[in-house]
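Observations on the three-dimensional arrangement
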Amino acid sequence: MKVTAEHGENREVTLTIEVEQDKLEKASEGAAKRISARVNIPGFRKGKAPRRIVENFVGKDAILQEAFEGLAQKAFEDALTEQNMEPVTRPEIDIVTLEDGKDVVFTAKFTQRPDVRLGTYKGLAVPKEEVTVADEDIDRQIEGMRQHQGTLVDAPADAAVKNDDFVTLDFEGFVDGAAFEGGKGEDYPLQIGSGSFIPGFEDQLIGAKVGEERDVNVTFPEEYHAENLKGKDAVFKCRIRNIKSRELPELDDAFAKKASKFETLAELREDVRKNLLAAAERKAETERRTKAIDMATDNAAMEIPPVMVENRITAMIQEMAMRLEQQGMSLEQYLQYAGLDIGKIREDYRETAEKNVRTDLMLEEVAKAEGIKVEGSDLDREVYAMAVSYGATPKQVQKIIKEQGRVSDLAATVLRKKTAQFIVDNITA
């Protein structure tokens, strides 16, 4: 086999591969047998027709094409080994010569993995942040529990709407004096100050009383999901039907008993402090880990082929589409609702995608340098974690991974995780 390489821009490579004609002849024999086993040829059982009969039935070109597919795959893999190349895109295969009695010649165009020159990745100085919990943080958590334990009661007959009240109201919206679709509601529940409505709407209801009618003037945001309302001035004619306020319990031992497993408010506060401290420590450790990986990535030198970034953006959008589908919404519906287009989404993802590609390449190079390998037990732990996350069994997860042909992807993910942990374990400060 003869291989020549032509290098283009952005790490593009075109290999010209020549394979001896005797290998094509052998591959053609195997191709004829496979085709014979798949098609019904009159007078012969499947897989028993001689090659010349198969040629007469399906044509010589069909046999040559079948032979080429298997031959080219093996030749391409051997060529990559010979040239010490690692593609990051699927090859574009073009046949130059494919004839009986002649050497096979074809080209394979692909983008090869960029060279990565590692900088410092061991002994990185990332100080551990000292975390504390302020009394204000505890107060805020306790107040949230207090709000949860509150009960809604009807406001006095002459009460006026105030911030945080719960009201029910009738409303109808008008733009340029005409009512618009979706702008009407009856007996609609709303918490004042929740930000559920257009900015400025809820504030203008403050001070209104039950039965009072009030005009609310607002301007729809430019990014509003309904195209016909973007940036439009509108008037909502509103009528308050009911006002409720939240009655909160006293912050005492009785509240602590009702809201938790503790007997006293002091014990509850101490438990909240411990939980907040633990959460703060986990956050600090995550940030420390992220800083270390970012430092190792920044210390590495590489030139990323644009196609790798584009492919990563596509993968991120596919993941977003899957999450939306789990919530009962298609990607197209989301884009329409949010007033976005796919081009804007791709640009928004570009910076993150490039950073992720750089980080992955750095981790893969560190794994090679340090001889980090993925063991079966590593894969088992990852599958178990995925099963817990998805609410499935490890066997179910394994089945899905195999059916989708993602075993190698799983191994690559686990390798990067192990390598990231290696970097974190070698932090010096």
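The structure contained in this document is the topic of the report that follows. (Residues numbered from 1 in each chain as written. Predicted model: local features only at pLDDT ≥ 70, side-chain atom pairs only at ≥ 80, totals over all residues. Heavy atoms only, no water.)

Some words on the layout of surface pockets
- Of the pockets and cavities examined, the largest pocket occupies roughly 2100 Å³.
- Lining the largest pocket we find 49 residues, and of these Glu319, Arg406, Asp409, Thr413 and Arg416 sit closest to its centre.
- Within the lining of the largest pocket, the residues separate by chemical class into 22 nonpolar, 11 polar and 16 charged.
- Put simply, the second largest pocket is a space of about 430 Å³.
- Lining the second largest pocket are 20 residues, with Gly182, Ile198, Phe220, Tyr224 and His225 sitting closest to its centre. (1 Å grid on protein atoms, 1.4 Å probe; cavity = no way out; pocket = protein on both sides within 12 Å on 5 of 7 lines; lining within 4 Å. Points joined across faces, edges and corners; volume = space filled by probe spheres on them. Nonpolar A, V, L, I, M, F, W, Y, C, P; charged D, E, K, R; others polar.)

Digging into the sheet that holds strand β4 (residues 104-111)
- Here 4 strands make up an open sheet; going across it, the order is β1-β2-β4-β3 and the pairing antiparallel. At either end of the open sheet lies a strand with only one pairing partner, and these are β1 (2-7) and β3 (92-97). Averaged over all adjacent pairs, the angle separating strand axes in this sheet is 20°, with direction ignored.
- Both β3 and β4 contribute to a ladder of 5 bridges, which runs antiparallel. If you follow Asp94 over to β4, its bridge partner there is Thr107. (Pairing = 2+ DSSP bridges. Helix = DSSP H or I, 4+ residues; strand = E, 2+ residues; numbered from the N terminus. Axes fitted to C-alpha atoms, helices over the stretch in contact; angles between N-to-C directions.)

Thoughts on empty space enclosed by the protein
- Applying the stated criterion across every chain, the model contains 1 cavity of 30 Å³ or more.
- The computed volume of the largest cavity comes to approximately 30 Å³.
- Every residue along the wall of the largest cavity is listed here: Pro127, Glu129, Ala284, Glu287, Arg288 and Lys291.
- Taken together, the residues that form the lining of the largest cavity break down as 2 nonpolar, no polar and 4 charged.

Worth remembering: the numbers are spatial, not functional.
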